[in-house]
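Geometric and topological summary
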Amino acid sequence: MQLPKDATGHSPLASVSIILPVHNAEQWLDECLASVLQQDFEGTMELSVFNDASKDKSRTIIEKWKVKLEDSGISVVIGGHDSPSPRGVGYSKNQAIAQSTGSYLCFLDSDDVMMPQRVRLQHEAAVQHPTSIIGCQVRRDPPDSTERYTRWINQLTSDQLLTQVFTSHGPTVIMPTWFCSRAWFSHVGPFDEGGRGVPEDLLFFYEHLRKGGGVFRVDHKLLLYRYHLYATTHSVLEMTIWIHRVHFLEERVLPRWKSFTIWNAGKQGRRLYRSLTAASRRKVVAFCDVDENKIRKGVYCHEDSQERPKPKVPILHFQAAKSPFVICVKLDLTGGEFEDNLKSLHLQEGQDFVHFS
């Protein structure tokens, strides 16, 4: 059924705009758009698509679904460009938001599939948490891909959604599950439009936290989250993300601590130490570890330092080390040994330690 028109001949403003950037997505679009049609949300919904220079049949598929969706009362706005090259995900999302009207924004990637209750349940949460990014749990496809990451996405506690924002996993609620009010997005945004290689979701998430935003997860698996080699996340260099993460750690955590210990005297811990500013490095009182060979060495010498004498940092057993800790040990990889060691110290996450790996 078509939406009724107002006096100007336009459809009334939507409650929720589904924001869908598209680039060469013909392989997944039918399933993605069918999941929009199947939403059980009873408010007004709008689909805002921005086609970022697709060279495949994406545009034809979108036009076909426009008819089906509008026949069911979901208005569809289509924007895009036919330049030789795409402008990137940040630009596409900004354009899709600019051309939409909804009071709330539901982000959807063209290769993912929403469960029918997604918009309804996330809208309910967003009304209750107007300055939060609302996420949800996910089902991964293929099911056995990125098992540790999927477990992390789905099992973080409500406190960890704010304390584990420094890890290599990125935002504690993943971008394809985001839902928020337009007003809050406008307060924080827009997305960085640097294009390929820019982690626009991470940069937006950090800015959201800087502005006091909350993070809330609806604990239902409301999205089929696909893993494949064409995903845009593969275009972002690990080094780029590393630099942003170190800067955010130095901005948000280290100013609160007069000194701290880096948990991991191995490669990752030393890499973090070398990446810190000189002022932050001076706060590092020790490395700690469980590896007797590393502990036996006694000290780590920063050979590349311009300082004279070159800084030497003690290497201690974790039980002899002092909190607070920046932890550079990957979670869920030691059969529970690391987690048991950490638990034995009776520390409070966020206050006495943060995870960085």
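Residues numbered from 1 in each chain as written. Predicted model: local features only at pLDDT ≥ 70, side-chain atom pairs only at ≥ 80, totals over all residues. Heavy atoms only, no water.

Turning next to the environment of Ala-25. Along the chain, the position of Ala-25 falls in the loop between strand 1 (16-22) and helix 1 (26-37). For Ala-25, a relative accessible area of 0% corresponds to the buried category. For the pair Ala-25 and Asn-51, spaced 26 residues apart in sequence, the C-alpha separation works out to 9.6 Å. Ala-25 has contacts with Asp-56, Ser-58 and Ser-110, leaving out every residue within four places of it along the chain. (Helix = DSSP H or I, 4+ residues; strand = E, 2+ residues; numbered from the N terminus. Buried < 20%, exposed > 50% of the residue type's maximum accessible area, 1.4 Å probe, protein only. Contact = heavy atoms within 4.5 Å.)

If you trace the six strands from one edge of the open sheet to the other, you get 11-12-10-9-13-14, paired in mixed fashion. In the strand order of this sheet, the two ends are held by strand 11 (299-301) and strand 14 (353-355), each with one partner. Strand-to-strand twist across the sheet, computed as the mean angle between neighbouring axes with direction ignored, equals 25°. Taken together, the three bridges between strand 9 (residues 260-263) and strand 13 (residues 325-327) define a ladder with parallel strand orientation. Residue pairing across strands places Thr-261 opposite Phe-325, the latter belonging to strand 13. Its contacts with the sheet place helix 10 (residues 267-275) against strand 9, strand 10 (284-289), strand 11, strand 12 (312-317) and strand 13, and it is angled at close to 165° to strand 10. (Pairing = 2+ DSSP bridges. Axes fitted to C-alpha atoms, helices over the stretch in contact; angles between N-to-C directions.)

This part takes up the packing of aromatic side chains. Counted by the stated rule, this structure contains 20 aromatic pairs. Aromatic pair Phe-50 and Tyr-91: ring centres 5.7 Å apart, planes at 80°, arrangement edge-to-face. On the criterion of sequence distance, the pair formed by Phe-50 in strand 2 (residues 45-52) and Tyr-91 in helix 3 (residues 89-98) is long-range, its members being 41 residues apart. Neither residue differs from the other here; Phe-50 and Tyr-91 are each classed as buried. Taken together, the ring pairs in this structure connect Phe-107, Trp-178, Phe-185, Phe-191, Phe-204 and Phe-205 into an aromatic cluster. Its guanidinium or amino end placed over the ring of Phe-191, Lys-93 lies 4.9 Å from that ring's centre, counting from NZ or CZ. (Phe/Tyr/Trp six-rings, centres within 6.5 Å; stacked < 30°, edge-to-face > 60°. Lys NZ or Arg CZ within 6 Å of the ring centre and 35° of its normal.)

Where nonpolar side chains cluster on the molecular surface, the patch consists of Leu-237, Met-239 and Ile-243 and spans about 290 Å² of accessible area. Along the chain, Ile-243 turns up in helix 9 (residues 238-252). By relative accessible area, which is 40% here, Ile-243 ends up partly exposed. (Patch = residues over 30% accessible without salt bridge, like charges linked within 9 Å, V, L, I, M, F, W, Y side chains within 5 Å. Areas by Shrake-Rupley, 256 points an atom, 1.4 Å probe, with all protein chains shown as cover. Salt bridge = Lys/Arg side-chain N within 4 Å of Asp/Glu carboxyl O.)

Once that is clear, we can look at the confidence of the model for the protein. Looking at the protein, pLDDT values average 93 and 95% of them are 70 or higher. Low pLDDT (under 50) marks residues 1-10, which in the prediction has 16 contacts with non-local residues, meaning those over four places away or in another chain. (pLDDT = per-residue confidence, 0-100.)

Okay, helix 2 (residues 58-71) next. Across its 14 residues, helix 2 extends 20 Å between first and last C-alpha, which sits within 8% of the 20 Å expected from 1.5 Å per residue. Of all the residues in helix 2, the buried ones are Ser-58, Ile-61, Ile-62, Trp-65, Leu-69 and Glu-70. Of the residues trailing helix 2, Gly-73 is marked for its positive phi of about 90°. (Expected span 1.5 Å × (residues − 1).)

Next up on the list: the nonpolar core. Grouped together as the largest cluster of nonpolar side chains are 90 residues, with contacts concentrated most on Phe-107, Leu-272 and Val-326. Per element, the largest residue contribution to this core is six residues, and it comes from helix 1. If you count residues domain by domain, this core takes at least three from each of domain 1 (15-236) and domain 2 (246-355). Counting residues in each nonpolar core, the second largest holds ten residues, with Ala-321, Phe-338, Leu-342 and Phe-353 among its members. (Core = buried A, V, L, I, M, F, W, Y, C linked by side-chain atoms within 4.5 Å. Domains from an automatic or database assignment.)

This paragraph deals with the UniProt feature "domain: Glycosyltransferase 2-like" (unreviewed entry) in the protein. The UniProt entry lists residues 17-188 under the feature "domain: Glycosyltransferase 2-like" (unreviewed entry), expressed in the numbering used here. This span, residues 17-188, is 39% helix and 23% strand, and a straight line between its end C-alpha atoms measures 18 Å. (UniProt positions renumbered as here; feature names shortened; annotations may be inferred.)

This paragraph deals with the pairing of strand 12. Where a strand is regular, its side chains alternate between the two sheet faces. Two strands pair when backbone bridges link them, and strand 10 and strand 12 are joined in this way by three bridges, in the parallel orientation. Paired with Phe-287 across the strands is Ile-315, a residue of strand 12. Inspection of the sheet shows strand 11 paired to strand 12 by three bridges, in the antiparallel sense. Bridge pairing links Val-299 to Pro-314 in strand 12.

The next point concerns the pairing of strand 10. Of all six residues in strand 10, five are buried; the element is thus mostly enclosed. Note: strand 9 against strand 10, four bridges, orientation parallel. The residue bridging Phe-260 from the neighbouring strand is Val-284, located in strand 10.

Let us now look at the domain arrangement of the protein. In terms of domains, the protein is made up of domain 1 (15-236) and domain 2 (246-355). Here the C-alpha centroids of domain 1 and domain 2 sit 35 Å apart. Taking both sides of the interface into account, the surface hidden between domain 1 and domain 2 amounts to around 1200 Å²; carbon and sulfur atoms contribute 55%. The largest contributions to the domain 1 side of the interface with domain 2 come from Arg-148, Phe-166 and Arg-210, which together make up 50% of the buried area. At the surface where domain 1 touches domain 2, the tally comes to two salt bridges. Note that Glu-251 and Arg-210 form a salt bridge whose closest N and O atoms lie 2.7 Å from each other. When residues of the side of domain 1 that touches domain 2 are traced back to their parent elements, those giving at least two are helix 5 (147-155), helix 6 (160-163) and helix 8 (200-210). (Buried area = accessible area lost by both parts, 1.4 Å probe.)

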